[in-house]
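Commentary on secondary and tertiary structure
The chain contents come next:
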Amino acid sequence: MNLYWRQHRSNRQLESDTESEFDDCDETKDSEDDDTRLEKSHGEEDESSTIDNADQVNETDEELLKALTVTQLKDRLRERGSTLGGRKADLIQRLLLGQQQKSTVKGWKDSAARAFLSKLFHDEKSNIHRMSPEQIYNSNKMFQNYPLDKFKIYHETIQSSAKKFNEIVAVNERNIWSDLHAFPRGETTLGNYPHWDNHPACALLKKDIENGQADLMQPEMLHRTRDEYKAFPLHVFRGHIYQEKRRKREEPGWVIKRNKTAQKMHDDEVNAMKADWDASQLKHDMNELCKEWERMSTID
């Protein structure tokens, strides 16, 4: 199954590359005109929202915001289409300062709006496939940070890239399962010893390295401590020791940790936005269904 998971990771990279292929053309085209139109479309709104929110910035409001949980603060920011990162004090300050100003609106390529729209389009069961660009634009305030005519171009780009991505993934998955069926992995390797990834020795070695047991003895001695280890030749087992120790040693690396943490925060944020959007669409569909039911009842 290693082949499948390698292909799964490559599919995820393919998703990013496919969208970038379309975005690079759209993002660089008319960038100066984009900024001008953004300023024009939001100038009056930013000015009025700043004045309105200035009256609300007082100690009473700040105390009320401090009483809220981080989740509640993020919910308020999410409704405004604001960024959700930072500590609790940063979230409160962002709310006190009011609606996003032009300077805080990111370009489409690096925006949460783009990631959110992409997430929706890659969900084949999402209602977004039955909605017009105008309906999608009005469904979330983040999309409205961008001019409608430009959003329609972004919409078409994401929709096309998602379609292309799904087609490629479907072909890849068919090929993978075809190869796995035609060439199934045997119970042992060509060297006539078990596969390491699904063997109990793999988990046991991680445990021995984690608790320091592997540091107290040479690989030859550690190899003799468990029957599971003895299922592998010494030179193979020694290689797995070095590999696992290296993984453990490099795991706390600040770059890796930073990237993984940032990616998880980003994914969680986009998933939360998608869950909210799905819930609001379900509520809308139920309301429409109730209205239709009432209309039918009246006719009867």
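Everything below is about the structure printed above this text.
Throughout what follows, the structure given in this document is the object of discussion. Keep in mind that this is a model prediction, so the values were computed, not measured. (Residues numbered from 1 in each chain as written. Predicted model: local features only at pLDDT ≥ 70, side-chain atom pairs only at ≥ 80, totals over all residues. Heavy atoms only, no water.)

1. A short note on the overall build of the chain
Inclusion rule: Per the convention used, a helix needs a DSSP run of H or I reaching at least four residues, while a strand needs a run of E reaching at least two, with both numbered from the N terminus. Under the scheme applied here, a residue whose accessible area is under 20% of the maximum for its type counts as buried, over 50% as exposed, and between as partly exposed, the area being computed with a 1.4 Å probe on protein chains only. In what follows, residue pairs with any heavy atoms lying within 4.5 Å of each other are defined as contacts. The accessible surface values rely on the Shrake-Rupley method and a 1.4 Å probe; as for residues, cover is taken only from the protein chains in view.
For the chain, the count of helices and strands is 13 helices and zero strands. From first element to last, N terminus to C terminus, the chain shows the α and β order α-α-α-α-α-α-α-α-α-α-α-α-α. Residues counted as buried form 30% of the 300 residues belonging to the chain. A separation threshold of at least 6 residues defines the contact pool for the chain, and within that pool the share at least 24 residues apart is 63%. About 20,000 Å² of surface is accessible on the chain, with carbon and sulfur atoms providing 52% of the total.

2. Focus: the packing of helix 6 (residues 112-121) against helix 8 (residues 148-182)
This is how it is decided: Each axis is a line fitted through C-alpha atoms, and for a helix only the stretch in contact is used; angles between axes span 0 to 180 degrees, taken between their N-to-C directions. When an angle is under 35 degrees it counts as roughly parallel; over 145 it counts as roughly antiparallel; between 65 and 115 it counts as roughly perpendicular; any other value is oblique. Left-handed describes a crossing in which the near helix is turned anticlockwise from the far one by less than a right angle; the clockwise case is right-handed.
Running from N to C, helix 6 and helix 8 cross one another at 45 degrees; their axes reach a closest spacing of 9 Å. The angle between helix 6 and helix 8 places the two elements in the oblique class. Of the two elements, helix 6 crosses helix 8, and the hand of that crossing is right-handed. Packed against helix 6, whose contacting residues are Arg114, Leu117, Ser118 and Phe121, the element helix 8 presents Phe151, His155, Ile158, Gln159 and Ala162 at the interface.

3. Some details on the pattern of salt bridges
Keep this limit in mind: One side-chain nitrogen of Lys or Arg within 4 Å of one carboxyl oxygen of Asp or Glu is enough to make a salt bridge.
According to the stated counting rule, one finds eleven salt bridges in the structure shown. Close ionic contact of aspartate 197 with arginine 185 constitutes a salt bridge, the shortest N to O distance being 3.4 Å. With aspartate 197 in the loop between helix 8 and helix 9 (200-210) and arginine 185 in the loop between helix 8 and helix 9, the pair connects residues that are twelve residues apart, well separated along the chain. Judged by relative accessible area, aspartate 197 falls into the partly exposed class, the value being 39%. Residue classification places arginine 185 among the partly exposed residues on the basis of a relative accessible area of 39%. Across the pair arginine 226 and aspartate 208 runs a salt bridge whose closest N-O atoms are separated by 3.1 Å. Note that arginine 226 is positioned in the loop between helix 10 (219-223) and helix 11 (227-230) and aspartate 208 in helix 9, a separation of 18 residues in sequence. Owing to a relative accessible area of 26%, arginine 226 belongs among the partly exposed residues under this scheme. In this structure aspartate 208 comes out as buried when scored by relative accessible area, which is 4%. Residues joined by salt bridges that share partners form a network here, namely Asp123, Lys274 and Asp278.

Everything listed here is a matter of coordinates, which is why it stays silent on function.
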